[in-house]
Amino acid sequence: MQVILQPCPSRSCRPCLVHAHSHRFPRHDLAFFLPNKYSFRSLRSNNVRKVTVVLRIEKDSAKTDAPSENKLGSENGSTLKTMNGRSVPLDSASVDSFPGSKSAGAVVNVAQNGTSIQYVADNRSTTSIEVDAVTEAELKENGFRSTRRTKLICTIGPASCEFHQLEALASGGMNVARINMCHGTREWHREVIRNIRKLNEERGYAVAIMMDTEGSEIHMGDLGGAPSARAEDGEIWTFTVRSFEGSNPPDRTIHVNYEGFTEDVRVGDELMVDGGMVRFEVTEKIGPDVMCKCIDPGLLLPRANLTFWRDGHVVRERNAMLPTISSKDWLDIDFGISEKVDFIAISFVKSADVIKHLKSYLAARSLEGSSIQVIAKIESSDSLKHLEDIIRVSDGAMVARGDLGAQILLEQVPSVQQEIVNLCRQLNKPVIVASQLLESMIEYPTPTRAEVSDVSEAVKQQADALMLSGESAMGLYPEKALSVLRTASLRIEKWKRQSKRFQDMQLFQISESNMERISEEICNSAAQMGNSLEVDAIFVYTRHGDMASFLSRCRPVCPIFAFTPSANVRRLLNLRWGLIPFRLDFTDDMESNLNRTFALLKARGMVKPGDLVIAVSDMLQSIQVMKIP
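Residues numbered from 1 in each chain as written. Predicted model: local features only at pLDDT ≥ 70, side-chain atom pairs only at ≥ 80, totals over all residues. Heavy atoms only, no water.

We apply this condition: UniProt positions are given in the numbering used here, feature names are shortened, and annotations may be inferred rather than shown by experiment.
The chain carries the name Pyruvate kinase in an unreviewed UniProt entry, which gives Ceratopteris richardii as its organism. As recorded by UniProt, the Pathway (unreviewed entry) comment attached to the chain reads in full: "Carbohydrate degradation; glycolysis; pyruvate from D-glyceraldehyde 3-phosphate: step 5/5." Taken verbatim from the UniProt record of the chain, the Catalytic activity (unreviewed entry) comment is "pyruvate + ATP = phosphoenolpyruvate + ADP + H(+)".

Now the structure itself:
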């Protein structure tokens, strides 16, 4: 008999895992199987019989927690024991040369009755498991309770677009990368997307990609190519509808994209830039130009949003008739479809019809294997008028507080944020709190105390995700800003658990069909049992992510391990509160799935015997409570 084992080319391979390679079938297999999963078949040519087995490969005397029947029969390698209990003599010198042992690459010769037997793993039965590298390290180091529940989103810009910069953000806890179509060319964004995909493939991350459309609202031009400009108190600036294509605008002159701007604005109106980061007073109108005096100094960013107020109210003249999705947005959406982004965030949503129209378009145009979710950005007074209808038809919502704060009174923003967060949770939609979380860190290495308090409040409200905008896109300290979000989230979550300050929200039934109602009730019960029994984790096996989302909605104290065979679903679940998404192929046999999962996770040091878990799945409508063997 001849057993051929070769060095493993996979980055995810670890010496203590069960894996085998064949010179005829060069692949990487990680698996633990029940005996009935094995097959035997005979190849008549060359008197070779192929027996499907799994070999134990260990480094020196290292032990793992995998099933004991999967092993080499003796320490000196004199026997190979297969899963069906059959023992075959082995050459002891060759056993020491297994991959992951003292040397890599070996030929193990075994003779039995003059027949050559080749032992390889069957690719149809083997399973690998994929998890985010940062989460794996956290679980190994600090255990279940230390994992961060609040997800983090970083806007990618000139300060964070290179591969090494993206890797630093991913290792710092970035779950979703946002590309803002207000800035940069499509080719630039395509390169960013490729870098993120490369990062996921080569470094073991599962960073999702969110594309944010520009929208049709009034905004400034690109400042003549400058990254920013500072407006000082008392300075006179000109806002104009004139175009400066091919040449830079005059000093302190800003192009406005809305042709009716000079007709709608009046002398005495207040012009707010980027949700109030800079404020001007209109002093004079001269043809296509509007002369404004700076009354609140600050930093002007390219293509920042503009709103103007009159007598304490936002002015909504003919600009209210602008379409939610512009012609440029549709081209950007086609770009997002071709690049298979995970989320598309739509700016300045005014009604549910816009979301319905876009989702039907995506369903018709999306490529096979791609499932793009639509995030409604709540950033205008029009959005608030139809809030529940918009959220119901969307796949999630974003509280864009900067632009929203420019259209409602500032003192209303905190209560509106709380209302949106609560409504999204009731309707089982992920919600993102965004805009000006750590605005000062665009220029300074430490945040203000007020900013940290603001972040902490969003974590207390149990929003699914927090988002950095300019802080990570063009700030001087993107990694430090992300670290502040991560540290603040971990501390507040730990404080809530230790002090048992859980948000006891009464969740209303939202499922329509009987099957969905059963799944919803199972998840509600599993979360309640998890809290009362103080389990270490909840395991959910889901093909489309529905049951995982129901569990996230319940906000249990323990983390939720969500296992899905789809890489796309895994990335989508990366936006949900409390979920740790794994990519794992599984069957309809829950006992087999659990045994295999326990073995794989124990082999990677992510769980240990005695851990108490609850398991649910969308295949078997039941709840199982067990200790890991």
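## Overview of the overall build of the chain
Rules: Only DSSP runs of H or I covering at least 4 residues are called helices, and only runs of E covering at least 2 are called strands; the numbering of each starts at the N terminus. Burial classes follow relative accessibility: with a 1.4 Å probe on protein chains only, a residue under 20% of its type's maximum area counts as buried, one over 50% as exposed, and anything between as partly exposed.
Helix and strand counts for the chain stand at 18 helices and 31 strands. When burial is assessed residue by residue, the chain has 56% of its 629 residues classed as buried.

## What about the sheet that holds strand β24 (residues 396-400)?
What counts, and what does not: In short, DSSP must find at least two bridges between two strands for them to pair. Note on method: axes are straight lines fitted to C-alpha atoms, helices fitted across the in-contact stretch only, with angles between N-to-C directions ranging 0 to 180 degrees.
In space, the eight strands of this closed barrel follow the order β10-β11-β12-β22-β23-β24-β25-β26, with parallel pairing throughout. Within this sheet the neighbouring strands show an average axis-to-axis angle of 25 degrees, counted without direction. By the bridge criterion, four bridges tie strand β23 (residues 373-378) to β24 in an arrangement that is parallel. The residue bridging Ala376 from the neighbouring strand is Ala397, located in β24.

## Section: helix α3 (residues 163-171)
Selection criterion: Directions are taken from the helix axis to each C-beta atom, and the arc is the one they span. We call two residues in contact whenever any of their non-hydrogen atoms come within 4.5 Å of each other.
Restricting attention to buried positions, one finds in α3 the residues Phe163, Gln165, Leu166, Leu169 and Ala170. Angular distribution of buried residues about the axis of α3 spans 160 degrees; they occupy a single face of the element. Looking at the packing, one finds that the buried side of α3 touches α2 (133-142), β10 (151-156), α4 (186-203) and α14 (478-498).

## Things to note about the packing of aromatic side chains
What counts is decided by this rule: Two rings belonging to Phe, Tyr or Trp (six-membered ring only in the last case) form a pair when the distance between their centres is within 6.5 Å. Interplanar angles under 30 degrees mark stacking, angles over 60 mark edge-to-face geometry, and anything in between is tilted. Charge-over-ring placement is defined geometrically: NZ (Lys) or CZ (Arg) within 6 Å of the ring centre, and within 35 degrees of the ring normal.
This structure, assessed with the given rule, holds 12 aromatic pairs. With 5.1 Å between their ring centres and 70 degrees between their planes, Trp330 and Tyr361 make a pair best called edge-to-face. With Trp330 in helix α6 (residues 327-338) and Tyr361 in helix α7 (residues 352-365), this residue pair connects regions lying 31 residues apart in the sequence. Assessed through its relative accessible area of 22%, Trp330 is described here as partly exposed. Measuring from centroid to centroid gives 5.0 Å for Tyr541 and Phe563, while their planes differ by 20 degrees, and the two rings are stacked. Linking Tyr541 in strand β27 (residues 537-541) with Phe563 in strand β28 (residues 560-564), this pair joins segments that are 22 residues apart in sequence. Judged on exposure class, the residue Tyr541 and its partner Phe563 are both buried. Linked through ring pairs, Phe539, Tyr541, Phe561, Phe563, Phe582, Phe586 and Phe598 together constitute an aromatic cluster. Looking at Lys198, its charged tip hangs above the ring of Phe163, at a distance of 5.0 Å from the centre.

## With respect to the environment of Leu404
Within the secondary structure layout, Leu404 lies in helix α10 (residues 401-404). Given the relative accessible area of 0%, Leu404 is considered buried. Between the C-alpha atoms of Leu404 and Ser383, which are 21 residues apart in sequence, the distance is 9.3 Å. Once you skip the residues sitting within four places of it in the chain, Leu404 turns out to touch Ile378, Glu379, Ser380, Leu384 and Val416.

## So, the environment of Cys523
The residue Cys523 is located in helix α15 (residues 514-533) in this model. On the accessibility criterion, Cys523 (0% relative accessible area) is buried. Along the sequence, Cys523 and Met547 sit 24 residues apart, while their C-alpha atoms lie 6.9 Å from each other. Once residues lying within four places of it in the same chain are set aside, the contact partners of Cys523 are Met547, Phe550, Leu551 and Cys554.

## Quick notes on a negative patch on the surface
The condition is simple: For patch building, the residue pool is restricted to those with more than 30% relative accessible area and no salt bridge; the joining distance is 9 Å between like charges and 5 Å between nonpolar side chains (Val, Leu, Ile, Met, Phe, Trp, Tyr). Computed with the Shrake-Rupley method and a 1.4 Å probe, the accessible areas treat only the protein chains shown as cover for residues. Criterion for a salt bridge: a side-chain nitrogen of Lys or Arg within 4 Å of a carboxyl oxygen of Asp or Glu. The charged-residue count follows a simple rule in which Lys and Arg add positive charge and Asp and Glu add negative charge, with His and chain termini not counted at all. The atom standing in for a charge is NZ when the residue is Lys, CZ when it is Arg, CG when it is Asp and CD when it is Glu.
Together, Glu512, Glu516, Asp546 and Asp618 make up a region of like negative charge exposed at the surface. Topologically, Asp618 is positioned in the loop between β30 (612-617) and β31 (624-627).

## Things to note about the sheet that holds strand β20 (residues 306-310)
Pairing within the open sheet is mixed, and its seven strands lie in the order β15-β14-β18-β17-β16-β20-β21. The open sheet has two edge strands with one neighbour each: β15 (253-255) and β21 (313-314). Sheet topology note: the strand β14 (residues 236-240)/β15 ladder contains three bridges and is parallel. Across the sheet, Phe239 pairs through a bridge with Ile254, a residue of β15.

## A word on the pattern of salt bridges
For the coordinates displayed, the defined rule picks out 32 salt bridges. In this structure, Glu136 engages Arg604 in a salt bridge whose closest nitrogen and oxygen atoms are separated by 3.0 Å. Taken together, the positions of Glu136 in helix α2 and Arg604 in the loop between α18 (590-603) and β30 put the pair 468 residues apart, joining distant regions of the chain. You can call Glu136 buried: its relative accessible area is 6%. Between Arg178 and Asp212 there is a salt bridge, with its nearest N and O atoms 2.8 Å apart. Taken together, the positions of Arg178 in strand β11 (residues 176-180) and Asp212 in strand β12 (residues 208-212) put the pair 34 residues apart, joining distant regions of the chain. The exposure classification of Arg178 matches that of Asp212, with both residues buried. A single salt-bridge network, built from bridges that share partners, covers Arg186, Glu214, Arg303, Lys328 and Asp332.

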